[in-house]
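# Summary of structural features
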There are 2 protein chains.
Amino acid sequence: MNSSVKYYDDSWSIGENYFNKEWLGKYETILAQGNGYMGIRAATEENYIGETRDTFVAGTFNKFDEKEVTELPNVPDFIQMQLRVNGELLDLTTGETKQYERRLNLQTGELTRTFIWVSPKGTEVEWKFSRFVSKKRLHIIGQKMEVKALNEAAAVEIISGIDGRMTNSGSQHFHEGEKRLKGKDTMQMTSTTLQSNIDFILTTAHQFKLNAESRPLRSRIEMPRRKVENLYWATIEKGETLTIEKISSIHTTRDKEHINHPTEEIEELAVAELKKVKEMGYDSLAQESHKEWEKPVWQVAPIQIESPDPLDQLAINFARYHLHCMTPAHDERMNIGAKGLTGEGYKGHTFWDTEIFVLPYFTFTHPDIAKSLVEYRYHGLEGAHKKASGNDYEGAQYPWEAAWIEDGETTPVWGAADIVTGKATKIWSGFIEQHITGDVAYGVYQYNQATQDQTFMDEKGYEILLDTAKFWTSRVEYGESKDQYGIKGVIGPDEYKEHVDNNAFTNYIARWNMEKALEVMEELKTRPTVKKRLDEQFDLADLADKLKATLAKLFVPQPNEDGIIPQDDTYLTKEVIDLTKYKAQDFVGGLFHDYNLERVNDMQITKQADVLLLLYLFEDQFEKDTKDKNWNYYEPKTMHDSSLSLSTHTTLAADLGYAERAYELFKKARFIDMGPVMTTSNEGIHAASLGGIWQAVVFGFGGVRSLNGELRIEPSLPNEWTGLTYSIYWHGNEIEVSIDKEQMTLTNKTQTEAIEFESFGKQYTVLDKTTVLLTK
Amino acid sequence: MNSSVKYYDDSWSIGENYFNKEWLGKYETILAQGNGYMGIRAATEENYIGETRDTFVAGTFNKFDEKEVTELPNVPDFIQMQLRVNGELLDLTTGETKQYERRLNLQTGELTRTFIWVSPKGTEVEWKFSRFVSKKRLHIIGQKMEVKALNEAAAVEIISGIDGRMTNSGSQHFHEGEKRLKGKDTMQMTSTTLQSNIDFILTTAHQFKLNAESRPLRSRIEMPRRKVENLYWATIEKGETLTIEKISSIHTTRDKEHINHPTEEIEELAVAELKKVKEMGYDSLAQESHKEWEKPVWQVAPIQIESPDPLDQLAINFARYHLHCMTPAHDERMNIGAKGLTGEGYKGHTFWDTEIFVLPYFTFTHPDIAKSLVEYRYHGLEGAHKKASGNDYEGAQYPWEAAWIEDGETTPVWGAADIVTGKATKIWSGFIEQHITGDVAYGVYQYNQATQDQTFMDEKGYEILLDTAKFWTSRVEYGESKDQYGIKGVIGPDEYKEHVDNNAFTNYIARWNMEKALEVMEELKTRPTVKKRLDEQFDLADLADKLKATLAKLFVPQPNEDGIIPQDDTYLTKEVIDLTKYKAQDFVGGLFHDYNLERVNDMQITKQADVLLLLYLFEDQFEKDTKDKNWNYYEPKTMHDSSLSLSTHTTLAADLGYAERAYELFKKARFIDMGPVMTTSNEGIHAASLGGIWQAVVFGFGGVRSLNGELRIEPSLPNEWTGLTYSIYWHGNEIEVSIDKEQMTLTNKTQTEAIEFESFGKQYTVLDKTTVLLTK
């Protein structure tokens, strides 16, 4: 069997039907829970060889040593419990397991696991585990375990507490914590990170019931190195049920609410808070967490897909669930990691994935969260200035990988060792993958288009647009022979090509960025106070001159005689090989079984959308014919070896009217995390891919586009779909768009203003409800 | 079943007959291997939850952070291999295991494990694992695995390499290592410790055979974080055997031979060495290692016990095996850890365990190794001066816990947190367990008595005796009321009593130490050059005055009217309770289920030999009657909650003529590690207990004693024993002592001089052979 992923027809649950110790990583990731403050992989209570037991708190970066880059430290663990019945350790690889089910309810955010286990010696016990990470109370995690003795009395032993032996694949980010018992069943551990000196206050409380009646349990405290735990024991008769509720909390001195509070005070607060919520009990806490998913998430901009395949709806629910788990909406000093808060991959760092892939979801559905994400980039200006000046550039050069706001560039300089020489290979992205600066500007611009958040623009947004444009004026290189500015020696979105000149995507976004800065200057004429401040900072006249001079001579690759836009100066001169074999493989990287990166660099092979991403983001700059030709040229050369690729292609295919191909690609994009390949999510969820799934649905099939301040909606549903309903926020109005084969109905649910939009060449306005006939 | 420890009648092997995942720690410790350079716990190749996979290299101390004390870091691991047959991971908790046997051959040092495993899906495979830590080549570890397909063809997959994710219970001592492939099947990882900056060069090579014929295997390299490993795969037909030999090496920049050599050079040397030994193959390497156990260990001072119980002989073989595994005989800058090199307990630190419990074994059987151990203390003078001056004392105050020679005191200052306040409890040993300074002097003195190593004494030994005595002159406190010097506020050997005044053991050994220093001054009269040097250092006349003045008024507790020597000033005034219940328990610390340490401090309860140790070490200072009275008083109050206690009591009981009681205690002492209690060795072997077992046999039943330069031999065999043969080295002569019920025959196997000794009040001389009739 290739997959045990269990999909439920309600499109709101995902899980597994039987336990397989080979697939721990897959389920730890896709069934992970979080609330933006923290994320917890779905490691089971009992331990297994091969597990990756990770808990992360957004923004709490630490550097293990000078040779490593800063990363989110793996926090001491609450989840695990050692469980014994009649002396035998619960271990599903032993004995017999019946009626096994593990299910993540995306709607409630609750993860449950139920099974009957017959121990090797024959004790038969029914187990039910539940847990949630509270969406309501960001610091709270709830766990419940119910054990029922089925065939005989069972002596139950539980070792539970806080385990500070967790590492990030061997790197220990914490000093040993201070450990204390706060009353009989409450434990606290305060652990401090080695370099960033963040105190983590971890508190956990236990309570017990026998057949639903409160029942204290006998216990013994143990404090081995880096651990504090209680051993509990009780004997239950045949038919009786023992329930354990373990409610835990994480607070850190990095938390906004705790800034300038002494750790002792936070420790006391945590104990008081836990006392209170423990009394509420697991069920009411789970209930209020569910409510916080319901109204603020699910009822905001809901999406309904009418498709014979329930996985389409599941995919968008799954994507939205994880997007909210991973996004630190509570704190604008933090952003989204490329693996969210679900794995050690990419170390919790923020990439262009945010602006180009994830941010649009929030910009168009949760503008308040989007605002927090763009504000992060404003905080990041300091690091961007540092990076620019370090490279002898001007303005703001955003880091390829960003972590804590002041850190600046955090891309590792050295990657995996060359296996022969042992010398580490250099990671070039941090130096030359420079389109990120344009991507950040793009995110800010798009945010403002959709929200018209003038306050943000006045205070922060204009500054980002100017500062990034200023960078490009210093970045370009003048070539005398052609009397042109070029951008040499970069990596574009296609990371299979390093050190290329004039990567199309990079040059276009640089141009766009500089053009938008000139537009900003126009706008500033009506905003004198803001203008004054920015003029002091930038000398706007001088910057305008520079921008104009640069734009006048900036080279941006144009379609050649065949209509093909060269991905860079040399791409089209390289060897073309037949990729059919590799593209048919259901795993990533098969190409590298036959070629090394150096060879691939010399061939017309593209890792992910590059020119095609350009056509999507700047669609108004290209003719349909050019788009078709480039699609036909580049798509067959694109390996989709990045999780950022399929959804872009889906959207572009839908734009171009290739409905069947779009749906084919969408079905693949859906499966990047929740699909049957059981290993590719081990290191964490693919954040950009999830944002891309939403874009594929709303921008691709739903046809939403915002260009130069204009809203356009031109749906293009797959043949299989009979309907699609989604909502977007535009200028503060929630517009519900309901599409079927015949027509599209827009309902303005806010009605603070009449919203204008274009559809298939015609202009419309919606104040309450407007219908557009779709007659293609 | 309480125990699965399997004892073999040959008295040379110990092992287990079936696998139990609950007892991993016990076997990892008692079946551990080592050669004094390194020690490796007997973790299995495949991983299990609960394993403690430790490899230590003697002397390579590192401090994880400023809050922790220096400890031996857990080295990246070679031993583990992930093994699959037909896709199923080898895991003895699953499927069915038949004919299981794991056996450590103490004689050869080889550990073997054989079993037939029927995988859950029914593939039946015979496995045979062997490994050794080379006694001949200190850097080399050999592993062999043979897999035979019994019922069908088997696709075998092996993931094997070097795993740098190891920690000491969560503390990571290493920067991520540099990893490289050195040819197809050889890998190297160079890891550096965080604080002590020691480079560890770890190299491993694989080779394969199919049915005993060399056969290269297909492989793929993987380099995840902190790991380098190959995946190997091959399919074997039914009846075929695949053999993997994995030969590995550890070198460090702390190694004497590598001092001042650049790391690159050591890396190359390691590859060249490994290439050579790999060609020799596992079997010849194991063979030469066995030879190195045979002649230099087993044939030196062998012991033969004629007892109906083969466990008596096994116990002494087991003790000697582990004593040699743990002792860094190759490097006098290193010493013996309280848990040897077999566990994280006590962090690899050296205690008085060395001088009082382990050193006598080496002094009387391997004087060259003993010399290395006493030289360590000479190197430790710097740290001892630092400690003394830090405490405003003079001379050399040895650290209670010693690690790297320059470290000085390394006892943790803070121990486990108080469970309520969370405040760490202070560990007082490092401050006030001061008898260690006398113990070190005692070790040096005894070493010289047995060896007459005048060169050592001239260069180092006298200095230690003077410097330690000088400490005591500054340490004592004058009490005007009694016109006496006392030693207040100490911990004696009985650690259940903290902050006591005039602990008998401490005061007696202080007196002894000062007396010996005065004797040294006498001896120095005949050694003018040495005297001159030491005079410059100490001002001998002045020191002599101080010593005499101190000794004249030093209070040492005398027997009271009942003949009882007070353990300290207040012990005898404390409450006496009935300890029968606790002494009958087969686990340690049961007392603390009913009382806390504070209460125990107020009762006449002793953790381990204290006054009785005094009677043993300074037996010539007490009458038989006093010894009897004190035995009868203190033994019932002694919990033997330290592994240092039982063997001392055995020896003293034998001395006092309580042969039955002595043998009872011996049987218990035997079982501290190799006995049926399955948890107490988890943190590592009990080094002092193993030295104590040898002392119980040779000093206790064998009756050997050295006092003031005189050798005395007064055997006292248990009734059960019909004979005992052992050898000791005295003044460079190997004396074989063969004892039966009737007589004792001494054979001088070296015959460089006639050795004088006393036995039961008579003087004898042995040049070749002498028989003493034992007529009691």
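Every value quoted in this text rests on a predicted model; they were computed, and no experiment measured them.

### Description of the overall build of chain A
Scanning chain A from terminus to terminus reveals 19 helices and 32 strands. Against the 2.2 N^0.38 benchmark of 28 Å for 776 residues, chain A shows a C-alpha radius of gyration of 27 Å, consistent with a compact globule. Dimensions along the principal axes, computed over C-alpha positions, put chain A at roughly 85 × 60 × 55 Å. Counting all 776 residues of chain A, 64% fall into the buried class. The long-range share in chain A, meaning contacts at least 24 apart out of those at least 6 apart in sequence, stands at 67%. Of the accessible surface of chain A, which amounts to about 27400 Å², a share of 47% is contributed by carbon and sulfur atoms. Mean positive and mean negative side-chain charge positions of chain A (87 and 122 charges, respectively) differ by 3 Å.

### Quick notes on the relation of the copies chain A and chain B
Under the fitted operation, chain A is carried onto chain B by 0.0 Å of movement along the axis and a turn of 180°, and the coordinates agree to an RMSD of 0.0 Å. The superposition of one copy onto the other is thereby described by a two-fold rotation axis. Looking at the interface residues of chain A, 100% of them are also at the interface in chain B, so both copies use one shared face.

### A word on the interface of chain A and chain B
Each partner contributes residues to the interface: chain A has 43 residues there, and chain B has 43 residues. A buried area of about 3400 Å², summed over both sides, lies between chain A and chain B, and 49% of it is on carbon and sulfur atoms. Looking at the side of chain A that touches chain B, the element that brings in the most residues is strand S13 (residues 178–181) of chain A, giving four residues. Grouping the amino acids of the side of chain A that touches chain B by side-chain chemistry returns twelve nonpolar, 13 polar and 18 charged.

### Overview of the sheet that holds strand S7 (residues 88–89) of chain A
Sheet architecture is open: five strands sit in the order S7-S6-S12-S18-S17 (chain A), paired in antiparallel fashion. Looking along the sheet, the strands with just one partner apiece sit at the ends: S7 and strand S17 (218–222) of chain A.

### Observations concerning the sheet that holds strand S27 (residues 723–730) of chain A
All names here are of chain A. The five strands are arranged S20-S27-S28-S29-S32 in an open sheet whose pairing can be described as antiparallel. Looking at strand neighbours, the two that pair on one side only are strand S20 (304–306) and strand S32 (769–773), the edges of this open sheet. For this sheet, the mean inter-axis angle between neighbouring strands, taken without regard to orientation, is 20°. Relative to strand S29 (residues 743–748), strand S28 (residues 733–740) runs antiparallel, the two sharing five bridges. By the bridge assignment for S29, Val737 is matched with Leu746.

### Quick notes on the confidence of the model for chain A
Confidence along chain A averages 95 in pLDDT terms, with 99% of residues attaining 70 or more. Model confidence for the complex: the whole-complex pTM is 0.96, and ipTM, which rates the interface, is 0.95.

### Things to note about the pattern of salt bridges
Residues and elements named next belong to chain B. Under the defined criterion, the tally for this structure stands at 110 salt bridges over all chains. One salt bridge in this structure joins Arg53 and Glu51, with 3.1 Å as the shortest N-O distance. One salt bridge in this structure joins Asp655 and Arg705, with 2.7 Å as the shortest N-O distance. Taken as a pair, Asp655 in helix H17 (residues 645–656) and Arg705 in strand S25 (residues 704–707) lie far apart in primary sequence, 50 residues in all. Look at Arg705 and you get buried, because its relative accessible area is 6%.

### Side note on unusual backbone geometry
Despite not being glycine, A:Arg226 shows a phi value in the positive range, around 60°. Inspection of the secondary structure assignment puts A:Arg226 in the loop between S17 and strand S18 (227–236). In the Ramachandran plot, B:Ala301 falls in the positive-phi region, its phi being about 50° despite a non-glycine side chain.

### Comments concerning a nonpolar patch on the surface
Taken together, the side chains of A:Val413, A:Trp414 and A:Phe431 define a hydrophobic patch exposed on the protein surface, amounting to about 280 Å² of accessible area. Secondary-structure assignment places A:Trp414 in strand S21 (residues 414–417).

### So, the environment of B:Asp283
Relative to the elements of secondary structure, B:Asp283 occurs in helix H2 (residues 263–298). Considered as a pair, B:Asp283 and B:Gln143 are 140 residues apart in the sequence and their alpha carbons are 9.8 Å apart.

### Description of the packing of aromatic side chains
Residues and elements named next belong to chain A. Taken as a whole, this structure holds 90 aromatic pairs over all chains when the rule is applied. A ring pair is formed by Phe666 and Phe701, whose centres lie 5.5 Å apart and whose planes are at 85°; its orientation type is edge-to-face. Here Phe666, found in helix H18 (residues 659–674), pairs with Phe701, found in helix H19 (residues 687–701); they are 35 residues apart in sequence, far enough to count as distant. The exposure classification of Phe666 matches that of Phe701, with both residues buried. Grouping aromatic residues by their ring pairs yields a cluster made of Phe19, Tyr48, Tyr100, Phe115, Trp127 and Phe129. The ring of Trp293 is capped by Lys135, whose NZ or CZ atom sits 5.1 Å from the centre of that ring.

### Description of helix H19 (residues 687–701) of chain B
All names here are of chain B. Taking 1.5 Å per residue as the helical rise, H19 with its 15 residues ought to reach 21 Å, and the 20 Å between its terminal C-alpha atoms agrees with that figure. When you tally the buried positions in H19, you get 15 out of 15 residues, the bulk of the element. Phi for Gly703, located one or two positions after H19, is positive at around 75°.

### As for the packing of H2(B) against helix H3 (residues 310–326) of chain B
All names here are of chain B. Where H2 meets H3, the closest approach of the two axes is 12 Å, and the angle between their N-to-C directions is 105°. In terms of their interaxial angle, H2 and H3 are classed as roughly perpendicular. Between H2 and H3, the residues in contact are Trp293, Val297 and Trp298 and Asn317, Arg320, Tyr321, His324 and Cys325, respectively. Residue composition of the contact of H2 with H3, by class: five nonpolar, two polar and one charged.

### Some points on helix H9 (residues 454–475) of chain B
Residue and element names in this part refer to chain B. The terminal C-alpha atoms of H9 lie 29 Å apart, and with 22 residues this matches the ideal 32 Å at 1.5 Å per residue to within 8%. Along its length, H9 shows its largest kink, about 50°, at Lys460. In terms of residue burial, H9 counts as a mostly covered element, since 19 of its 22 residues are buried.

### Observations concerning the environment of A:Tyr361
Residues and elements named next belong to chain A. One can find Tyr361 in helix H4 (residues 353–365). Take Tyr361: its relative accessible area is 0%, and that puts it in the buried class. Residues Tyr361 and Ile693, 332 residues apart in the sequence, show an inter-C-alpha distance of 9.7 Å. Apart from residues lying up to four places away in sequence, Tyr361 is in contact with Arg320, Leu323, His324, His366 and Trp694.

### Thoughts on the pairing of strand S15 (residues 199–210) of chain B
Every other side chain in a regular strand lies on the same face of the sheet, so the side chains alternate between the two faces. Residues and elements named next belong to chain B. Summarising burial for S15: ten of the twelve residues are buried, a large majority. Across seven bridges, the pairing between strand S14 (residues 186–192) and S15 is antiparallel. Pairing of Thr192 across the sheet is with Asp199, part of S15. Two successive antiparallel strands, S14 and S15, enclose a turn made up of six residues, where Asn197 displays a positive phi of approximately 55°. Sheet analysis places S15 next to strand S19 (residues 241–252), joined by eleven bridges and oriented antiparallel.

### Quick word on the pairing of strand S32 (residues 769–773) of chain B
Residues and elements named next belong to chain B. Alternating residues of S32 divide into Thr770 and Val772, all buried, and Lys769, Thr771 and Leu773, none buried. As paired strands, strand S29 (residues 743–748) and S32 are joined by five bridges and run antiparallel to one another. Across the sheet, Leu746 pairs through a bridge with Thr770, a residue of S32.

Each value, and the rule that gives it
- Residues numbered from 1 in each chain as written.
- Chains lettered and ligands numbered in written order.
- Predicted model: local features only at pLDDT ≥ 70, side-chain atom pairs only at ≥ 80, totals over all residues.
- Heavy atoms only, no water.
- Helix = DSSP H or I, 4+ residues; strand = E, 2+ residues; numbered from the N terminus.
- Rg over C-alpha atoms; globule rule 2.2 N^0.38 Å.
- Buried < 20%, exposed > 50% of the residue type's maximum accessible area, 1.4 Å probe, protein only.
- Contact = heavy atoms within 4.5 Å.
- Areas by Shrake-Rupley, 256 points an atom, 1.4 Å probe, with all protein chains shown as cover.
- Lys, Arg positive; Asp, Glu negative; His and termini not counted.
- Charge placed at Lys NZ, Arg CZ, Asp CG, Glu CD.
- Least-squares fit on C-alpha atoms with pLDDT ≥ 70 in both.
- Buried area = accessible area lost by both parts, 1.4 Å probe.
- Nonpolar A, V, L, I, M, F, W, Y, C, P; charged D, E, K, R; others polar.
- Pairing = 2+ DSSP bridges.
- Axes fitted to C-alpha atoms, helices over the stretch in contact; angles between N-to-C directions.
- pLDDT = per-residue confidence, 0-100.
- Salt bridge = Lys/Arg side-chain N within 4 Å of Asp/Glu carboxyl O.
- Patch = residues over 30% accessible without salt bridge, like charges linked within 9 Å, V, L, I, M, F, W, Y side chains within 5 Å.
- Phe/Tyr/Trp six-rings, centres within 6.5 Å; stacked < 30°, edge-to-face > 60°.
- Lys NZ or Arg CZ within 6 Å of the ring centre and 35° of its normal.
- Expected span 1.5 Å × (residues − 1).
- Parallel < 35°, antiparallel > 145°, perpendicular 65-115°, else oblique.
- Bend = angle between axes of the 7 residues up to and from the residue.

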